[in-house]
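Secondary and tertiary structure notes
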Amino acid sequence: MTVILDDADLLPHPTRRDAVVRAWTQLVGPGPVLSADERRAVIGWARAAWAGATAPDEQGGPAAEAAHWLAADAGGITAEVVDDLEARGLDRLRYLEIVGIVGRLANIDFYARGLGASLPAVPDEAHPSPEPTGQVAPERERRGFVPSIAALRAPFVLDALPGEGEELRAMHEPMYLPMTAIGDFTFGDVLTRPQIEYLASRASYLNECFY
């Protein structure tokens, strides 16, 4: 059985622990256009990049390249890079799903590290329903690098894959703040709203995120 935050040195907040368990359970299963095995491979490629791998796994093709560089140098990914990945066989929906996997995996892994917990281990056993779900928004347009059904605001960037968008927000809200509280500057959790925003802006600066 996979241990998720059970060996943490610091006690995780119950709501955030539940969010991590939900996210991990979803990540190691099938997605809209990637199978369970493909998603587990993405997890391995991203973790290898964070562990110091200097180049993508050559056997993984453009999917491995996308996962590696999203983990190691997301700011270096340009429109030309994504165009090249697509030209070599990684279509935009598959790329979008990899973006979602790596983003949520970063939240899980670095939260676990911050608490002094082991990283969740990818299950050895096959998933009972390994094939892609096929849940893709029927009407899409290109905005920026990826297919979209709405303006490319960060919490909605995955919504061309509706289930992935829902899972992103299920992680976003307990780890940051509820969508309904975005305009509420009196909001507080364990931290006050100014403390939350200070940490968010500092992390964004260090990661060269200008959203």
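The structure we're discussing is the one just above.
The following paragraphs examine the structure supplied in this document.

Scoring rules and cut-offs
- Residues numbered from 1 in each chain as written.
- Predicted model: local features only at pLDDT ≥ 70, side-chain atom pairs only at ≥ 80, totals over all residues.
- Heavy atoms only, no water.
- Helix = DSSP H or I, 4+ residues; strand = E, 2+ residues; numbered from the N terminus.
- Rg over C-alpha atoms; globule rule 2.2 N^0.38 Å.
- Buried < 20%, exposed > 50% of the residue type's maximum accessible area, 1.4 Å probe, protein only.
- Contact = heavy atoms within 4.5 Å.
- Areas by Shrake-Rupley, 256 points an atom, 1.4 Å probe, with all protein chains shown as cover.
- Patch = residues over 30% accessible without salt bridge, like charges linked within 9 Å, V, L, I, M, F, W, Y side chains within 5 Å.
- Salt bridge = Lys/Arg side-chain N within 4 Å of Asp/Glu carboxyl O.
- Phe/Tyr/Trp six-rings, centres within 6.5 Å; stacked < 30°, edge-to-face > 60°.
- Axes fitted to C-alpha atoms, helices over the stretch in contact; angles between N-to-C directions.
- Parallel < 35°, antiparallel > 145°, perpendicular 65-115°, else oblique.
- Left-handed = near helix turned anticlockwise from the far one by under 90°.
- Nonpolar A, V, L, I, M, F, W, Y, C, P; charged D, E, K, R; others polar.
- Polar contact = N/O pair within 3.5 Å; in protein donor to acceptor, adjacent residues only side chain to side chain.

Regarding its fold elements, the protein chain presents seven helices and two strands. Relative to a compact globule of 211 residues, whose C-alpha radius of gyration would be 17 Å, the protein chain shows 17 Å and is just as compact. Overall, the protein chain is about 45 × 40 × 35 Å in size when its C-alpha atoms are taken along their principal axes. For the protein chain, the residues scored as buried account for 39% of the 211 residues in total. Long-range contacts, defined as pairs at least 24 residues apart, comprise 61% of the intrachain contacts of the protein chain with a sequence gap of at least 6. Surface exposure of the protein chain reaches about 11,500 Å², of which carbon and sulfur atoms provide 56%.

Before going further, it helps to spend a moment on a nonpolar patch on the surface. Together, V190, L191, Y198 and L199 make up a nonpolar patch on the protein surface, roughly 410 Å² of accessible area in all. Structurally, L199 is set in helix α7 (residues 193–206).

Moving on, we get to the packing of aromatic side chains. Under the definition given, this model contains one aromatic pair. Ring centres 5.3 Å apart and planes at 80 degrees place the aromatic pair W50 and F110 in the edge-to-face group. Highlighted residues: W50 in helix α2 (residues 36–50) and F110 in helix α5 (residues 92–115), separated in sequence by 60 residues. Among the residues examined, F110 registers a relative accessible area of 40% and is labelled partly exposed.

Between helix α1 (residues 14–27) and α5, the least distance of the axes is 10 Å, while the angle of their chain directions is 135 degrees. Taken together, α1 and α5 sit at an angle that is classed as oblique. Regarding α1 and α5, the two cross each other, and that crossing is left-handed. Side by side, α1 and α5 meet where R16, V20, A23, W24, Q26 and L27 of the first sit next to I101, R104, L105, I108 and Y111 of the second. Within the contact of α1 with α5, the residues separate by chemical class into eight nonpolar, one polar and two charged.

On the secondary structure map, R193 appears in helix α7. It is 31 Å that separates the C-alpha atoms of R193 and E97, two residues lying 96 residues apart in sequence. At 2.7 Å, the side chain of R193 and the backbone oxygen of D184 are in polar contact.

Before going further, it helps to spend a moment on the pattern of salt bridges. With the rule as written, the count across this model stands at 15 salt bridges. R169 is the partner of D159 in a salt bridge, and the nearest nitrogen-oxygen pair spans 3.0 Å. Of this pair, D159 sits in the loop between β2 (146–148) and α6 (162–175) while R169 is found in helix α6, placing the two residues 10 residues apart along the sequence. Between E197 and R193 there is a salt bridge whose closest N-O contact spans 2.7 Å. You can see E197 and its partner R193 sitting in helix α7, four residues apart, about one turn around the helix. Using a relative accessible area of 25% as the deciding quantity, one classes E197 as partly exposed.

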